[in-house]
Amino acid sequence: MEAHIGAVASISERLQQFYAQRQPFRVYHGSTNSTRTAEKNRNNTVDTSQLNHVLEIDSLKKTALVEPNVSMDKLLEATVVNGLVPLVVMEFPGITVGGGFSGSAGESSSCRHGPFDSTINWIEIVLPNGEVARASKTEKPDLFWGAASAFGTVGIVTLLEVQLRDAKRFVELTHYPTNSFSEACKKIQDEVANTEIEFVDAIAFSSKSVIICSGRLVDALPTGSKPRRYLRRRDSWFYLDVQKRAAKSRQPVVDYVPMVDYLFRWDRGGFWVARYAYKYFFTPFNRVTRYALDSYMHARVMYHALHKSRLSDTYIIQDVGVPYEAVDEFHRWVDQTIKIYPIWLCPIRVRRDAPDSAHGLHADFADPNTPEFMLNFGIWGPGPGDYEELVRLNRAIEQKVHELGGKKTLYAQAYYTEEEFWQTYTQPPYDAVRAKYHASHLPSVYDKVKVDEDAKRKTMEGSRMPAALRNVRPFQGLYGVYKAWRGGDYLLQTRKSPIVTGEASKQ
């Protein structure tokens, strides 16, 4: 704890220096799962990368005391040995606890527990004036909820207490094939209403093929059953396995997946986005090539390569949620306008039950008149070659979601005008928190998530890639892969062993 206290003191001192001049700053975390371009240099940056430790697991309280740059796999490694697991585990091993709180994050258990920020008991935060404060749902709740999803625009979160629950060895996962979006939406709601079910999401392979994946934790395999694995090089990618087996079945398909394999089932292939890389690099997409290139097909490496190559600027990457009653209309519009499949569907309980939680960017989630659930659409794929058309489609998605009373997750690029942005997100409660806690001089959430063309230009100008090869297929992508390999992410994947528990380690 002494090292933590010393690191926080250094951050506090650095912020005091910035605050004396009312100078905005950026934060260097050491990693990112955002797809946005950001301009950082030593003069405007606070380095928090050393805050990457699990400080305590309390088995009686079922909590973990965690620094913000602890990744999901590192947190899970610490909790599983104590027979515990976080209520919400973000789908990629490299997503951090702080990123899940200060950004926006949800997964298949969010149908029960809400977004990741709802599973945090309290935070320690260094305010822009250097003051170190503690905030929870009952102590300074305006600061707690104001910092949630604020992307660091209220202060720097330096410690979090994460809620845990009892872990079990397997997830009993049932895949239900449906033939339409309306049937799928009804089935999703039915599964969420079933209190025995703990995980719900779905994959839309087309408008007429949607597979609902519904799961619950169990301790043992039924006699004669074998576990379904997804983390080893020789294993199938999760979505391909579901497509091959469940999409062609008329009956539900039941699997028993080791818990950690389930929680990180989307890592290999980055859902399915890595498939587009094979086409980009003129590479056959089959079991042999997936096996050979497995080390490059994990989310950590993919994000690094996307950042360095700037290929993320050519993709439509949107996570948006709409109320259940708007699902059919939104899907028809996506099907006709965007025409990207597969689509990830994930029900998220956005309603805040805690008293005095109407603060910050999503203050409306505390309003009992707003929808209790949103169905998240993960729409990810290559955009049109013309950049103006790419922008037009992204803006069209944002406008359609707003029209239907939905919200988008802001980890990706936002194309809103400032006026449009604040028509969707609650500005007065957000501004009130920033004013009270000395953050009004910092860039707003909108400033941080909007498309920054100037930062894009400077990033490209600072690239060591020869100008003649920029934006040239496949050289632009090869540069990103090279930077990921050189940066060590490739080695991280080849050397890191998966977390295993119970019988999973014997399979």
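Residues numbered from 1 in each chain as written. Predicted model: local features only at pLDDT ≥ 70, side-chain atom pairs only at ≥ 80, totals over all residues. Heavy atoms only, no water.

**So, the overall build of the protein chain**
Okay, so step 1: A count of helical and extended segments in the protein chain gives 19 helices and 16 strands.
Okay, so step 2: The long-range share in the protein chain, meaning contacts at least 24 apart out of those at least 6 apart in sequence, stands at 75%.
Okay, so step 3: Summed over all atoms, the accessible surface of the protein chain reaches about 21300 Å², with 49% contributed by carbon and sulfur. (Helix = DSSP H or I, 4+ residues; strand = E, 2+ residues; numbered from the N terminus. Contact = heavy atoms within 4.5 Å. Areas by Shrake-Rupley, 256 points an atom, 1.4 Å probe, with all protein chains shown as cover.)

**Notes on helix α12 (residues 327-337)**
Okay, so step 1: Every buried residue belonging to α12 is among Val327, Phe330, His331, Trp333 and Val334, and all of these are buried. Along the long axis of α12, the arc covered by the buried residues comes to 160°, so they all point the same way.
Okay, so step 2: On the buried face of α12, the contacting elements are α6 (181-193), β13 (315-322), β14 (343-349), β15 (373-382) and α13 (387-403).
Okay, so step 3: Immediately downstream of α12, the backbone of Lys339 shows phi near 60°, a positive value. (Buried < 20%, exposed > 50% of the residue type's maximum accessible area, 1.4 Å probe, protein only. Arc of directions from axis to C-beta.)

**Structural notes on the sheet that holds strand β9 (residues 170-178)**
Okay, so step 1: On the basis of which strands lie adjacent, the open sheet formed by 8 strands has the order β12-β9-β11-β10-β14-β15-β13-β16 and antiparallel pairing. Two strands bound the open sheet, and with one partner strand each, they are β12 (253-258) and β16 (407-408).
Okay, so step 2: Sheet analysis places β14 next to β15, joined by 6 bridges and oriented antiparallel. Each bridged residue has a counterpart across the sheet, and for Arg349 the counterpart in β15 is Phe373.
Okay, so step 3: Against the sheet, helix α7 (residues 238-245) touches β9, β10 (199-206), β11 (209-218) and β12, its axis set at about 70° to β10.
Okay, so step 4: Relative to β15, α12 is tilted by about 10°, and along the sheet it contacts β13, β14 and β15. (Pairing = 2+ DSSP bridges. Axes fitted to C-alpha atoms, helices over the stretch in contact; angles between N-to-C directions.)

**Some points on the packing of aromatic side chains**
Each pair of aromatic rings is reported with the distance of its centres and the angle of its planes.
Okay, so step 1: Under the counting rule described, the total for this entry stands at 30 aromatic pairs.
Okay, so step 2: For the pair Phe18 and Phe25, a centre-to-centre distance of 5.8 Å together with 25° between the ring planes defines the contact as stacked. Summarising the burial analysis for this pair, Phe18 and Phe25 share the class buried.
Okay, so step 3: With a centroid separation of 5.0 Å and an interplanar angle of 80°, the aromatic rings of Tyr278 and Phe285 are classed as edge-to-face.
Okay, so step 4: Classification of Tyr278 by relative accessible area gives buried; the value is 3%.
Okay, so step 5: Grouping aromatic residues by their ring pairs yields a cluster made of Phe92, Tyr230, Phe238, Tyr239, Trp266, Phe271, Trp272, Trp344 and Trp380. (Phe/Tyr/Trp six-rings, centres within 6.5 Å; stacked < 30°, edge-to-face > 60°.)

**Re the pattern of salt bridges**
Two side chains carrying opposite charge are able to pair once their charged atoms lie near each other.
Okay, so step 1: By the definition in use, this model includes 25 salt bridges.
Okay, so step 2: Measuring nitrogen to oxygen at the nearest pair gives 3.0 Å for the salt bridge that ties Asp235 to Arg232.
Okay, so step 3: In this structure, Glu420 engages Arg395 in a salt bridge whose closest nitrogen and oxygen atoms are separated by 2.9 Å. Placement of the pair is Glu420 in helix α14 (residues 418-424) and Arg395 in helix α13, with a sequence separation of 25 residues. (Salt bridge = Lys/Arg side-chain N within 4 Å of Asp/Glu carboxyl O.)

**Section: the pairing of strand β4 (residues 63-66)**
Okay, so step 1: Of the two faces of β4, both are covered, the one formed by Thr63 and Leu65 as well as the one formed by Ala64 and Val66.
Okay, so step 2: Summarising the sheet, strand β3 (residues 54-58) and β4 pair through 4 bridges and their orientation is antiparallel. Bridge pairing in β4 links Asp58 to Thr63.
Okay, so step 3: From the end of β3 to the start of β4, which pair antiparallel, there are 4 residues, and Lys62 there has a positive phi angle of about 60°.

**Overview of the environment of Lys140**
Okay, so step 1: Its location among the elements puts Lys140 in the loop between β7 (132-136) and α5 (141-147).
Okay, so step 2: For Lys140, a relative accessible area of 33% translates into the label partly exposed.
Okay, so step 3: With 216 residues separating them in the primary sequence, Lys140 and Asp356 have C-alpha atoms 9.6 Å apart.
Okay, so step 4: Residues within four places of Lys140 in sequence aside, it is in contact with Arg134, Ala135 and Tyr437.

**A word on the packing of α12 against α13**
The angle between the axes and the distance between the axes are what describe a pair of packed helices.
Okay, so step 1: At a minimum axis separation of 11 Å, α12 and α13 run at an interaxial angle of 165°. By the criterion of interaxial angle, the relationship of α12 to α13 is roughly antiparallel. Like other packed secondary-structure pairs, α12 and α13 cross with a definite hand, here right-handed. Between α12, through Glu329, Phe330, Trp333 and Thr337, and α13, the contact on the second element is made entirely by Leu393, Ala396, Ile397, Lys400, Val401 and Glu403.
Okay, so step 2: A per-class count over the contact of α12 with α13 returns 6 nonpolar, 1 polar and 3 charged. (Parallel < 35°, antiparallel > 145°, perpendicular 65-115°, else oblique. Left-handed = near helix turned anticlockwise from the far one by under 90°. Nonpolar A, V, L, I, M, F, W, Y, C, P; charged D, E, K, R; others polar.)

**Remarks on unusual backbone geometry**
Okay, so step 1: Following Tyr341, the chain continues into Pro342 via a peptide bond in cis, with omega recorded as 0°.
Okay, so step 2: Of note, Pro342 is situated in the loop between α12 and β14.
Okay, so step 3: Here the phi dihedral of Lys339 falls at roughly 60°; this positive angle occurs in a residue that is not glycine.
Okay, so step 4: Take Lys339: it is sitting in the loop between α12 and β14.
Okay, so step 5: At His438, a residue that is not glycine, the phi angle is positive and equals roughly 65°.
Okay, so step 6: Structurally, the position occupied by His438 is in the loop between α15 (427-436) and α16 (445-449).
Okay, so step 7: Note on His438: relative accessible area 29%, which makes it partly exposed.

**A word on the environment of Pro68**
Okay, so step 1: In this fold, Pro68 is placed in the loop between β4 and α2 (72-80).
Okay, so step 2: Remark: the alpha-carbon pair of Pro68 and Phe101, spanning 33 residues in sequence, is separated by 8.7 Å.
Okay, so step 3: With residues up to four places along the chain from it excluded, the contact list for Pro68 reads Leu51, Thr96, Val97, Gly98, Gly99, Val157, Thr158, Leu159 and Leu160.

**Let's talk about the side chain of Ser110**
Okay, so step 1: Residue placement: Ser110 occurs in helix α4 (residues 110-113).
Okay, so step 2: With a relative accessible area of 0%, Ser110 lands in the buried category.
Okay, so step 3: Setting aside anything within four residues of it in sequence, one finds Ser110 in contact with Val88, Pro115, Pro347, Ile348 and Arg349.

**Here's the deal with the environment of Ala220**
Okay, so step 1: Within the secondary structure, Ala220 sits in the loop between β11 and α7.
Okay, so step 2: Given a relative accessible area of 43%, Ala220 falls into the partly exposed group.
Okay, so step 3: For Ala220, the contacting residues outside a window of four places in its chain are Arg169 and Phe170.

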